[in-house]
Amino acid sequence: MSTTPILRLGGLGLGEGRSVISAALSAPEWEIGMICDLDEGLCRERCREFGEMPWTRNYAEMLGRDDIDVIAIYTPDPLHAPHMLQALEAGKHVICTKPLLDDLTPGPALLQAQRASGKRVMVGQSTRFVESMMRQRADFEAGRFGKLVSVEAKYIHDHRNYMNGKWGPELTKTMNWVYLGLSHPVDLVRWYLPEIEEVFAYGLLSPFAAKAGLQKADSLHAVLKSADGVIAQVTGIYGVPEHHPDRDALKTCTLRGTCGTSTSDYPQLRYSRNLDGHQPEWIAFPELNDYYYRFGGYMHHAGEFENYLRHFAQALARGESPQPDLEDGLRTVAVMKALERSVESGTPVRVAEILREYNVFCTYPTNDFTLDP
Ligand SMILES: NC(=O)c1ccc[n+]([C@@H]2O[C@H](COP(=O)([O-])OP(=O)(O)OC[C@H]3O[C@@H](n4cnc5c(N)ncnc54)[C@H](O)[C@@H]3O)[C@@H](O)[C@H]2O)c1
């Protein structure tokens with residue numbers, strides 16, 4: 001039984017934000033205060049789906065409510081910065097979906113607003129919170145892989161639906177898959193290798209993306225080097241059909257260390273590991289399918305959202321910063337900016353130079369992900 005105080009959530013953006021409503025309704029540490037979307041039909045649809053709750057089309061109205069502690073943001077990527085700034089200025093904690101930002105320019109203003117508010121900001125980096133990835137992390141923390149030599153993460157997903165005007169013509173033009181898609185695998189790499197020093201990447205605009213009006217590459221391969229010399233690889237492809245699910249997962253994270261290798265998969269809840277002195281193993285969690293994918297299919301994976309809501313509340317109760325927090329998130333954005341710059345320049349890019357150029361200086365995280373039963 002949880003003894004953590006109840007937090008009241010204001011949910012902004014009700015597409016993917018559907019998952020955070022479900023998560024807050026079933027997590028013991030949370031209640032819904034209000035939901036908000038410009039689309040009145042969507043507000044009404046979510047009330048039909050989850051039961052009546054206060055809703056508004058006006059973000060300022062939700063921010064003005066004293067009974068809301070945390071704003072959870074699920075609006076299109078370019079709106080995250082202004083929506084976070086407004087929430088912090090209104091004295092709310094913030095959970096922002098990935099990518100935290102699709103550009104590093106608002107970084108210093110966000111750091112300043114957070115420090116002035118004294119509130120917490122967490123990035124809803126959902127993939128860290130899926131069973132397979134959490135199990136792999138637990139093995140890493142127990143030292144089962146020895147010293148890492150390589151981390152490989154990918155997110156390959158047919159996202160032609162996203163490119164086809166979902167966010168309207170203006171936001172489609174600036175849609176940037178370096179952030180929208182690669183935020184998952186780049187975050188996974190930085191979870192294991194926080195200090196990425198240098199990035200080299202190639203990118204391509206797929207014919208579908210070009211026709212849809214996108215201007216930035218939606219097919220990307222990158223190699224990365226961490227300050228301690230460990231190497232990493234990141235891949236994201238979004239404008240073509242993905243593989244048969246029996247053949248390949250949409251997201252994977254592979255760790256190779258001196259004593260063992262493992263791969264965690266998403267959305268399949270499965271994990272393989274091969275450790276020195278043990279038989280190779282496949283570990284699956286079919287009993288958790290209904291928890292993670294409670295709306296049917298793999299659409300809107302609410303279990304991960306419930307895990308991170310609970311982590312947020314529990315970290316707050318301990319007086320800790322929920323991870324990944326704003327500073328850690330900005331370092332991930334800096335790696336993505338370096339990757340984008342490398343695609344443009346055809347040369348390796350050092351992350352420290354990006355942080356300096358954008359005037360973003362932050363510390364490394366001091367505490368790690370935990371989730372009490
Ligand atoms: N794994 C994950 O955690 C995950 C998965 C998918 C999408 N996302 C992220 O979620 C965000 C939203 O993506 P989506 O697929 O739900 O898009 P979407 O277009 O379905 O939903 C966005 C919603 O925001 C609303 N909105 C926009 N501006 C608003 C404003 N000023 N006030 C109130 N509502 C406003 C829109 O009306 C829309 O309903 C993106 O940043 C995306 O990258 C995260």
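### As for unusual backbone geometry
Now for step 1: Omega for the bond connecting Lys98 with Pro99 falls within 30 degrees of zero, at -15°, which places this linkage in the cis form.
Now for step 2: Tracing the backbone shows Pro99 in the loop between strand S5 (93-97) and helix H5 (107-117).
Now for step 3: The step from Tyr266 to Pro267 runs through a cis peptide bond, and the omega angle for that step is 0°.
Now for step 4: A positive phi angle, close to 60°, is found at Asn359, a residue other than glycine.
Now for step 5: Structurally, Asn359 can be placed in the segment after helix H15 (351-357).

### So, empty space enclosed by the protein
Now for step 1: One pass over the structure, following the stated rule, counts one cavity of 30 Å³ or more.
Now for step 2: Counted as a void, the largest cavity has a volume near 50 Å³.
Now for step 3: Around the largest cavity sit Pro99, Leu100, Val123, Gln125, Ser183, Asp187, Pro324, Gly329, Thr332, Val333 and Met336, which together line it.
Now for step 4: Where the lining of the largest cavity is concerned, the elements lending two or more residues are helix H10 (183-192) and helix H14 (326-345).
Now for step 5: Residue contributions to the lining of the largest cavity peak at four residues, all from H14.
Now for step 6: Residue classes in the lining of the largest cavity are distributed as six nonpolar, four polar and one charged.
Now for step 7: The residue makeup of the lining of the largest cavity includes at least three contributed by each of domain 1 (7-126) and domain 2 (127-293 + 323-357).

### A closer look at the environment of Leu255
Now for step 1: With respect to the helices and strands, the residue Leu255 is situated in strand S11 (residues 251-257).
Now for step 2: Relative accessible area serves as the criterion here: at 0%, Leu255 is assigned to the buried category.
Now for step 3: A C-alpha to C-alpha distance of 19 Å links Leu255 and Val199, two positions 56 residues apart in sequence.
Now for step 4: Ignoring anything within four residues of it in the chain, the contact list for Leu255 reads Gln136, Phe140, Phe145, Leu148, Ser150, Val151, Tyr192, Gly260, Thr261 and Ser262.

### Describing the site of the ligand
Now for step 1: In the region of the ligand, 25 residues are neighbours, and Glu16, Asp37, Asp77, Ser126 and Tyr162 sit closest.
Now for step 2: In the environment of the ligand, a nitrogen atom lies 3.2 Å from a nitrogen or oxygen atom belonging to the backbone of Leu38.
Now for step 3: His80 is positioned with one of its side-chain polar atoms (N or O) 2.9 Å from an oxygen atom of the ligand.
Now for step 4: Protein chains shield 86% of the accessible area of the ligand, which is 850 Å² for the free molecule.
Now for step 5: Structurally, the ligand is housed in the largest pocket.
Now for step 6: Residues that form the shell around the ligand fall into these classes: eleven nonpolar, nine polar and five charged.
Now for step 7: Residue assignment places the shell around the ligand across two domains, with domain 1 (7-126) and domain 2 (127-293 + 323-357) each supplying three or more.

### What about the sheet that holds strand S13 (residues 270-275)?
Within a sheet, neighbouring strands are paired by backbone hydrogen bonds and run either parallel or antiparallel to one another.
Now for step 1: Strand order in the open sheet formed by nine strands is S14-S13-S12-S11-S7-S10-S9-S8-S15, with mixed pairing between adjacent strands. Both outer strands of the open sheet, strand S14 (281-284) and strand S15 (349-350), are each paired with one neighbouring strand and no more.
Now for step 2: In terms of strand pairing, S11 meets strand S12 (residues 260-266) through seven bridges, oriented antiparallel. Bridging across to S12, Leu255 finds its partner in Ser262.
Now for step 3: On top of the sheet, H14 reaches strand S8 (196-204), strand S9 (219-226) and S15; it is set at about 50° to S8, its chief contact.

Analysis parameters
Residues numbered from 1 in each chain as written. Predicted model: local features only at pLDDT ≥ 70, side-chain atom pairs only at ≥ 80, totals over all residues. Heavy atoms only, no water. Helix = DSSP H or I, 4+ residues; strand = E, 2+ residues; numbered from the N terminus. 1 Å grid on protein atoms, 1.4 Å probe; cavity = no way out; pocket = protein on both sides within 12 Å on 5 of 7 lines; lining within 4 Å. Points joined across faces, edges and corners; volume = space filled by probe spheres on them. Nonpolar A, V, L, I, M, F, W, Y, C, P; charged D, E, K, R; others polar. Domains from an automatic or database assignment. Buried < 20%, exposed > 50% of the residue type's maximum accessible area, 1.4 Å probe, protein only. Contact = heavy atoms within 4.5 Å. Near = heavy atom within 4 Å. Polar contact = N/O pair within 3.5 Å; in protein donor to acceptor, adjacent residues only side chain to side chain. Areas by Shrake-Rupley, 256 points an atom, 1.4 Å probe, with all protein chains shown as cover. Sits in = over half its atoms within 2 Å of the grid points. Pairing = 2+ DSSP bridges. Axes fitted to C-alpha atoms, helices over the stretch in contact; angles between N-to-C directions.

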